Amino acid sequence: MSQHKDHFTPRMFHRLLAPSLAYSLGLAFAAMADAIVIGWQMGVTGLAALCFSLPLHTMLLAFVHGLGLGGSTRYARLLAEGKPAQATDCFNRVLQAGLAVSVLLAALVNLFPQAILELLGTTPADGTLYTAAKGYLCLIASGAPLFLLKYVLNDFLRSDDNRRLATRGSLYGNAIRIALDLVLVPGLGMGTAGAAGATLIGLSVSVLCYMPALFAKDRTLHLAAARPNPRETLSCLKSGLPGAAPYLYRMVFFLLANHLLLRLEGENGVAIFAVVQSTAYLILYIYIGAAKAAQPLFRTFYGEKNLPAARRALAFALRWGLYAGSTAAALIFLFPGLICSAFGLHEEALHYLGAPALRLYALSSIGAGVSMVLHTYYRSIHEEQNAFIITLLRNFVILLPCTVFFATSLPQFWWLYPVTELLSLLLLFVWRCLTGRERLFDAARVYSLTMHGSSREFTAMAGGIAAFCDRWQAAPRQRYFVSMAAAETCSAFLEQAPGHIAEIQVTLVALEGGDFELHIRDNTDFFDSFSAQADRLGGKGTLDIEAVGMQVIRQQAKEFSYRQYESFSTLVVRI
């Protein structure tokens, strides 16, 4: 049951969109930097060498993302359960185990580079290609501990409510990496070794940014001695597997594609593949930015049982992702030769090979972007099965057979991208039709109202809440305090925020256990009605009846919380 137009969802989304897109594009350019500078200095050979390292690089990312995601989730849960000492131990055990495994991986690659490179697709007989691939791979593998520190610390800092430091460290590291790519590769002519060195220095900068937070003894997240607990660490890695799975699927895809392309067109085919994969970052990170902007809204509205608002946030993410992503895809489709030249492939023959690849990928990127936004949405509202289906279809079940099926010629090979994305969305639609739309909660149990402070709206709210409580058989005491909480809080906001254009969103949920949960959001980032009324209650002079009423509500509430987020204040009361 909902009344009045929702103005909060678009405003909250648009405030999050610009910084999220800027951050995502920064990550995209950082991911593209190696291929651009190596292509300009070494051409086809350098791009092919870079592509041969992708399977190992992706396997490393799967490990660090899985461990970081699983460990930080456990850390956050321990904090929520009031166990800070155990949370600190969890962090340090994950760090110890991760460093041990990453050091072992670095040693193995540097001890047996030839065997690993032969598995990846190149042998000493390839001459310069093998040498370039070996230089890049061994340096990247040597930096495995830095990858571990950067990504695991980033995840834990976010779980420790230190998102700004996590974001700032990542941005500084990426900026340094891009700058050093330009200095070391085209400037000093260091080739693939220079690109790998720039990557490792960028990771080091991020880690150095994070380190001061780990020595603050007054925070739960800090370095401390902890007895190893392999069972706990394996449990963290297991719980992080859903986040690591896409990287593992991609690792298999890269390994298979490299071998097939080498057979079809030699290092030219692998080099074009490197250009396509690098260009993909530019488009896909646009959709990721739109999805990340909406993700906090998905979670917030899910917590409020406000599924229509969550779907409106999804519509905004899809709309803006498609606007920006389709624009980028159109430019790539229209000017594939310029894209090839941007990666150092200037020959007409290479443009001829690269044009169909880039155009077909540009067409497929729309489906890929929609799938990525839907994946974020489903995970945020705890429809994990649907999110898993998307990942499994487009990264493994459909992608790998299409890769083999279309490997008859180089022009035919690139059809795997649009076919994979189209079939993935079609099968997802069929899956949803067969399983039925999940009802996360009964929409009839939710009453929502947006108002601007008129007496008519207050009357409508009072009547609507009373009718809703009666419908769900609220006890007289519950009905009284729910109505009182809504009326007093909204009145206090209007009185204590003079000169501000008032807008209040009220959501009331009838929970399964018989409790009622009231969510009140206003369009300020400075007002806490309970604190304001408490100040008035504590003052001298005449007794403030409204302040007494607010304190009574707080005492009667089973749960009470207030927070400020993205220029909006949100109050939650459970009665």
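Conventions used here
- Residues numbered from 1 in each chain as written.
- Predicted model: local features only at pLDDT ≥ 70, side-chain atom pairs only at ≥ 80, totals over all residues.
- Heavy atoms only, no water.
- Helix = DSSP H or I, 4+ residues; strand = E, 2+ residues; numbered from the N terminus.
- Buried < 20%, exposed > 50% of the residue type's maximum accessible area, 1.4 Å probe, protein only.
- Contact = heavy atoms within 4.5 Å.
- Areas by Shrake-Rupley, 256 points an atom, 1.4 Å probe, with all protein chains shown as cover.
- Expected span 1.5 Å × (residues − 1).
- 1 Å grid on protein atoms, 1.4 Å probe; cavity = no way out; pocket = protein on both sides within 12 Å on 5 of 7 lines; lining within 4 Å.
- Points joined across faces, edges and corners; volume = space filled by probe spheres on them.
- Nonpolar A, V, L, I, M, F, W, Y, C, P; charged D, E, K, R; others polar.
- Phe/Tyr/Trp six-rings, centres within 6.5 Å; stacked < 30°, edge-to-face > 60°.
- Lys NZ or Arg CZ within 6 Å of the ring centre and 35° of its normal.
- Core = buried A, V, L, I, M, F, W, Y, C linked by side-chain atoms within 4.5 Å.
- Pairing = 2+ DSSP bridges.
- Salt bridge = Lys/Arg side-chain N within 4 Å of Asp/Glu carboxyl O.

> Honestly, the overall build of the chain in this entry has me stumped. Any pointers?
When helices and strands are counted, the chain shows 21 helices and six strands. Put simply, the chain has 575 residues, and 52% of those count as buried. Across the chain, contacts joining residues at least 24 apart in sequence account for 76% of those joining residues at least 6 apart. Counting only carbon and sulfur atoms, one obtains 63% of the accessible surface of the chain, whose full area is about 25,000 Å².

> Help me understand helix α5 (residues 128-142), please; the structure alone is not making it clear to me.
Note that an α-helix has 3.6 residues per turn; residues three or four places apart therefore point the same way. Its 15 residues give α5 an end-to-end C-alpha distance of 21 Å, which sits within 8% of 21 Å, the value for a rise of 1.5 Å per residue. Along α5, the positions that sit buried rather than exposed are Leu129, Tyr130, Ala132, Ala133, Tyr136, Leu137, Cys138, Ile140 and Ala141.

> When you look at empty space enclosed by the protein in this model, what are you seeing that I'm missing?
Regions of empty space are outlined by a rolling probe, equal in size to a water molecule, passed over the atoms. Evaluated as defined, the whole model comprises two cavities of 30 Å³ or more. Here the second largest cavity is characterised by a volume of approximately 40 Å³. Of all the secondary structure elements, the ones that give two or more residues to the lining of the second largest cavity are α2 (54-80) and α5. Residues that form the lining of the second largest cavity fall into these classes: five nonpolar, one polar and no charged.

> Please clarify how unusual backbone geometry should be interpreted in this entry.
Of note in this structure, Gln473 is not a glycine but carries a positive phi near 55°. Note that Gln473 resides in the loop between α18 (455-471) and α19 (476-496).

> Which parts of the structure should I look at to understand the packing of aromatic side chains?
When we look at a pair of aromatic rings, we describe it by the centre distance and by the angle of the planes. For the coordinates displayed, the defined rule picks out 18 aromatic pairs. With a centroid separation of 5.7 Å and 45° between ring planes, the pair formed by Phe253 and Phe254 is classed as tilted. Across the pair, Phe254 and Phe253 agree in class, each one buried. Feature note: the residues Tyr75, Phe91 and Phe156 constitute an aromatic cluster, connected by ring pairs. Between the NZ or CZ atom of Lys150 and the centre of the ring of Tyr151, over which it lies, the distance is 4.4 Å. The ring of Phe333 carries the charged tip of Arg359 above its face, separated from the ring centre by 5.6 Å.

> Just checking my understanding: could you explain the environment of Gly240 for this structure?
Residue placement: Gly240 occurs in the loop between α9 (230-239) and α10 (241-303). We classify Gly240 as buried; its relative accessible area is 0%. For the pair Gly240 and Thr73, spaced 167 residues apart in the sequence, the C-alpha separation amounts to 8.3 Å. Setting aside anything within four residues of it in sequence, one finds Gly240 in contact with Gly66, Leu69 and Gly70.

> I keep staring at the nonpolar core and nothing clicks. Help me out?
The tendency in soluble globular proteins is for nonpolar side chains to be buried as a group. In terms of nonpolar packing, the biggest core is built from 130 residues, with Phe253, Phe273 and Trp414 touching the most fellow members. A total of 23 residues in this core trace back to one element, the largest contributor, which is α10. Counting residues in each nonpolar core, the second largest holds 25 residues, with Met461, Cys469, Cys490 and Phe516 among its members.

> Help me out: how do you make sense of the pairing of strand β3 (residues 504-510) in this one?
In regular strands, side chains alternate between the two faces of the sheet. Extensive coverage of β3 is indicated by the burial of seven of its seven residues. Every second residue of β3 is oriented toward a common face, with Ile504, Val506, Leu508 and Ala510 on one face and Gln505, Thr507 and Val509 on the other, all of them buried. Here strand β2 (residues 446-451) runs beside β3; their pairing, made up of six bridges, is antiparallel. Counted as the bridge partner of Tyr447 is Leu508 from β3. Sheet topology note: the β3/strand β4 (residues 516-522) ladder contains seven bridges and is antiparallel. Within β4, the position partnered with Ala510 by the bridge is Phe516. Counted between consecutive antiparallel strands, the loop separating β3 from β4 contains five residues, among which Gly514 sits at a positive phi close to 105°.

> When you look at the environment of Ser371 in this model, what are you seeing that I'm missing?
Mapped onto the secondary structure, Ser371 falls in helix α13 (residues 348-380). A C-alpha to C-alpha distance of 7.1 Å links Ser371 and Leu425, two positions 54 residues apart in sequence. Contacts of Ser371, omitting those with residues within four sequence positions, involve Ile390, Arg394, Glu421 and Leu425.

> What is the right way to read the pattern of salt bridges from this model?
Once their charged atoms are close, side chains differing in charge can pair, the charge on each being opposite to the other. Enumeration over the complete set of coordinates arrives at nine salt bridges. Linking Arg93 and Glu232 is a salt bridge whose minimum nitrogen-to-oxygen distance equals 3.1 Å. In this pair, Arg93 is assigned in helix α3 (residues 84-111) and Glu232 in helix α9, connecting sequence segments 139 residues apart. What makes Arg93 buried here is its relative accessible area of 18%. For Asp470, the salt bridge is made with Arg479, and the minimal N-O distance between the two is 2.9 Å.

> Help me understand helix α14 (residues 384-397) in this model?
Those residues of α14 that fall on the buried side of the exposure criterion are Asn386, Ala387, Ile389, Ile390, Thr391, Leu393, Arg394 and Asn395. Buried residues along α14 sit against α10, α13, α15 (399-405) and α17 (416-435).

> Sorry, what's going on with the pairing of β2 here?
Counting buried positions over the six residues of β2 gives six, a clear majority of the element. Side chains Val446, Ser448 and Thr450 project from β2 onto one buried face, and the interleaved Tyr447, Leu449 and Met451 project onto a second face that is buried too.

> What is the right way to look at the environment of Leu129 in this model?
Mapped onto the elements, Leu129 comes out in helix α5. Taking C-alpha positions, Leu129 is 5.5 Å from Thr45, a pair spaced 84 residues apart along the chain. Setting aside residues no more than four positions away along its own chain, Leu129 makes contact with Thr45, Ala48, Ala49, Phe52, Thr122 and Glu267.

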